[in-house]
Amino acid sequence: MLTASRAPVAAIASRCPWCYRYASRAGPSGAPHGSASDFSFRRRFQSTSATQSSPRLRFAPSPTGNLHLGGLRTALFNHLYARKHDGQWILRVEDTDRKRYVEGSASALQQCLNWASLKPDASPDNGQMSFLGPLIQSERSAYYRDAIDKLLREGHAYRDFRSIEEREDERNLAQEGFKNARMVRREEYIAPAEEEAARLIESGRPFVVRLRMRQQTRTHADLVYGSLTFNKDESAEDPILLKSDGLPTYHLANVVDDSLMGITHVLRGEEWIPSLPIHLQLYEALGREPPQFAHLPLLVNPDGTKLSKRSGNAANVEDYMEQGYEPEALINYVALLGCNWKGDEQGEHADSSEVMTMQELISRFELERVTHSRATLDLAKLAFLNRKHVQLKVDAILPRAAPARPKGKRGTPATSLYAEPSARERGVDQESAEGMLESLRWSLEDRYDVRLPHMDFKELARMIRLFGEKSTFVHDVVDQAGVLFELPDLSPQSIIHLVGPHSYLHVLAIATSQLQQAPLSSVSSAKDALQIIIEKSMKRAGRPASASGEPDLNKKTVNLAVRHALTGVLSGAALADLCVCIGQHELLTRLERASRAMREHLEGSNEASASQQGETELDRRLRLCTQRYANAIASADTPHERMRLENLEHREKVQLKEHDRYRRLRRMDVQSTARQEEMGIRERSATRRPTRS
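Residues numbered from 1 in each chain as written. Predicted model: local features only at pLDDT ≥ 70, side-chain atom pairs only at ≥ 80, totals over all residues. Heavy atoms only, no water.

As recorded in an unreviewed UniProt entry, the protein goes by glutamate--tRNA ligase and comes from Ceraceosorus bombacis. Per UniProt, the protein carries the Sequence similarities (unreviewed entry) text "Belongs to the class-I aminoacyl-tRNA synthetase family. Glutamate--tRNA ligase type 1 subfamily." (UniProt positions renumbered as here; feature names shortened; annotations may be inferred.)

Given below as structure tokens:
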């Protein structure tokens, strides 16, 4: 092993363009004054770490693209563990990989976390816990320089000045079968002494700093995978801690930051398990106690490949946001990936619901629930969860009526096993529910060009409950709510074969009369009004004589007639709820419009029938007059009223006949005048015609 003497690090610092960029301000220890590393590395990397009573975790993504579902799940599990155990979690941006750095991705990542209600105790934005130092790795270079100084000074790391070509030659030797090639390199490569290193650095020779890995078998207890054993690998290359451009690698920056920030638990993907021996040795070299590690199983695509930022739309959180998924639903979904939430020995039911709020996730979360198997995306389950969380938000604004509980043996209510907690008791966020309804209001205003400041959250919630019980997204409600803001296209042909035209008019007349008297203040009042309409419509005594040949009315056909008049269709949302959402004034307007459309249809049909049978215009008018008065005469209460209506009918028919005679005479006069004028024109033209010679 290398035993060469070393000169003070500050002697090299003044000439090193990679590691020590502020050498002119370096103190005796090689650390720059006036920076975050003003205190000695011996104080910073002391051998004993301060004890913490509560856990502290961190989510440390790299700003190399959009946040994907695996990263969201890691952030969620950090949040759940910290909140469950009264701890803290930190958002730290690891931007040392400058080649893959994407401008703006760090701020977009924090926006995604805010959207998902995952709010860290400290982040680059909120400025909390300032004693941790900067939370962006590119601003923590002084900490990494101190760590490299310590590792070089104590012989745990060395500078490697070999070129890429030289390292490739050694790698090729090992691949060609020289089993001891790597061991020879490790044992016989002697890093230059400090004076020689200073000369090489001053001449511009690039180098990297490597960790001097010990070849040993190591066992470590993981919080998810249990006991992990790592056999020694003599062919493995010593890991690089500091790159030739002066930037630290993930291994160094991650361990240094976790040490200085007092991280007690590290939750990260299983792809970092092979790097665990490197990190454990780094902790030992820095004299720090390593945190407890919990490696999470990977999320994979349906074809078994790893889910990553390059996996497309199925991976990125922003794509789910744009599609309209609720944040609570996506959080609930990723919590189920690679985690078993079924009942356990603590008394939970084996069929515990998978629909969970953040409050329920925190109370039930344990690392023991995390499985070893990788999870595949199931978008059908995500759609199901989105529907359920939309319903929970609606229930928080507009609570459902409690179901009737079965009675006990002595008439008392049964035990509370039948009582389900309300949405608010389950921890549904009121502000989030109101935000969902406010976005619905904006979408409705944009879609139908209306202004709805008068519509409160309860009315909007009732609208979602009316149209969105089976809808996946809230924006689906916007499409279905057109019946509330647009007049329906009434087609009498779609209802005539189910309800006769005269019976249809009879039902609408009763509905109009009833709804004028009964204000629709609630769904129950609307149900009562509809029940009265059904009962009156089904009475045979009140039906007009013109509807005698049509099928009898029943509850179904009465509801169909009213629904058709209001919406123009024969199926849809519950009729009582629909009536309340439409409103009483609009209901009466639509009923009158539907009645007028049916009467016009009947008149058009009668005209077509009369023209086919050779019926004159006078006969048609007389027939319509007879039909109109027949209904009124049949429903007259007294003989005097009946006689009065008959006289009116006779008088109107006489007027129709007189009017028809006048029209015919007028037509004859017009024709006679036209004929006379035509004859006069012919006579004048004949007198002016020149004679032939």
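J.: Which parts of the structure should I look at to understand the overall build of the protein?
T.: A tally of helices and strands in the protein yields 26 helices and 11 strands. For the protein, long-range pairs separated by at least 24 residues make up 75% of all intrachain contacts whose partners lie at least 6 apart in sequence. Surface summary for the protein: the accessible area is close to 36,900 Å², and the carbon and sulfur share equals 50%. (Helix = DSSP H or I, 4+ residues; strand = E, 2+ residues; numbered from the N terminus. Contact = heavy atoms within 4.5 Å. Areas by Shrake-Rupley, 256 points an atom, 1.4 Å probe, with all protein chains shown as cover.)

J.: When you look at the packing of aromatic side chains in this model, what are you seeing that I'm missing?
T.: Two descriptors summarise a pair of aromatic rings, namely the distance from one centre to the other and the angle between the planes of the rings. Under the criterion given, the structure shown has seven aromatic pairs. Plain terms: the ring middles of Y325 and F473 are 4.8 Å apart, the flat faces sit at 80° to each other, and that makes the pair edge-to-face. In this pair, Y325 sits in the loop between α11 (317-323) and α12 (327-336) while F473 sits in the loop between α16 (457-467) and α17 (475-480), placing the two residues 148 residues apart along the sequence. With a relative accessible area of 9%, Y325 lands in the buried category. For F473, a relative accessible area of 15% gives the class buried. (Phe/Tyr/Trp six-rings, centres within 6.5 Å; stacked < 30°, edge-to-face > 60°. Buried < 20%, exposed > 50% of the residue type's maximum accessible area, 1.4 Å probe, protein only.)

J.: Help me understand the sheet that holds strand β7 (residues 240-242), please; the structure alone is not making it clear to me.
T.: Sheet strands pair by backbone hydrogen bonding; their relative direction is either parallel or antiparallel. Ordered by their spatial adjacency, three strands build an open sheet running β3-β4-β7, and the pairing between neighbours is antiparallel. Taken across any chain shown, the strands that pair with only one partner, and hence form the sheet edges, are β3 (157-160) and β7. When the angles between neighbouring strand axes are averaged without regard to direction, this sheet yields 40°. Pairing of strand β4 (residues 208-211) with β7 involves two bridges; the strand directions are antiparallel. What sits directly across from R210, in β7, is I240. Where helix α5 (residues 141-153) meets the sheet, it contacts β3, β4 and β7, and its direction lies at approximately 100° from that of β3. (Pairing = 2+ DSSP bridges. Axes fitted to C-alpha atoms, helices over the stretch in contact; angles between N-to-C directions.)

J.: For this particular structure, what's the right way to read unusual backbone geometry?
T.: When glycine is set aside, most residues are seen to have a negative phi, and most peptide bonds are trans. Positioned with a positive phi, S117 is a non-glycine residue whose angle comes to about 60°. Considering the arrangement of structural elements, one finds S117 in the loop between α4 (105-115) and α5. When its relative accessible area of 42% is taken as the criterion, S117 is described as partly exposed. Here D449, not a glycine, exhibits a phi torsion of approximately 55°, which is positive. By the element assignment, D449 lies in the loop between α15 (430-448) and α16.

J.: What is the right way to read the side chain of E445 from this model?
T.: Of note, E445 is situated in helix α15. We note that E445 is buried and unpaired, the nearest opposite charge coming from R451 at a distance of 4.4 Å. Sequence-distant contacts of E445, defined by excluding residues within four places in its chain, comprise V450, R451, L452 and P453. (Lys, Arg positive; Asp, Glu negative; His and termini not counted. Salt bridge = Lys/Arg side-chain N within 4 Å of Asp/Glu carboxyl O.)

J.: Is there a simple way to think about helix α20 (residues 501-517) in this case?
T.: Helical geometry note: an α-helix holds 3.6 residues per turn, so side chains three or four residues apart project in the same direction. Taking 1.5 Å of rise per residue, 17 residues should cover 24 Å, and α20 covers 25 Å from first to last C-alpha, within 8% of that figure. Burial runs high along α20: 12 of the 17 residues are buried. Within the span of α20, buried status applies to P501, S503, Y504, L505, H506, V507, L508, I510, A511, T512, Q514 and L515. (Expected span 1.5 Å × (residues − 1).)

J.: So what exactly am I meant to see when it comes to the pairing of strand β8 (residues 265-269) here?
T.: In regular strands, side chains alternate between the two faces of the sheet. Among the five residues in β8, five count as buried, and that is most of the element. As paired elements, β8 and strand β9 (residues 292-296) share five bridges and run parallel to each other. Bridging across to β9, L267 finds its partner in A294. Taking the sense of rotation as the criterion, the β-α-β connection linking β8, helix α10 (residues 276-286) and β9 turns out right-handed. (Right-handed = clockwise from strand over helix to strand, strands pointing away.)

J.: Even after reading the chapter, I still don't get the nonpolar core, so can you show me in this structure?
T.: Looking at soluble globular proteins, one finds that nonpolar side chains tend to be buried together. The biggest cluster of nonpolar side chains holds 94 residues, and the ones touching the most others in it are L69, L72, F77, L113 and L118. Among the elements that line this core, the one with the most residues is helix α3 (residues 69-84), at eight residues. If we ignore the near neighbours within four places in the chain, the residues touching F77 are L267, L296, A335, C339, F365 and V370. Among the nonpolar cores identified, the runner-up in size contains 59 residues, and I397, L440, I533 and A573 belong to it. (Core = buried A, V, L, I, M, F, W, Y, C linked by side-chain atoms within 4.5 Å.)

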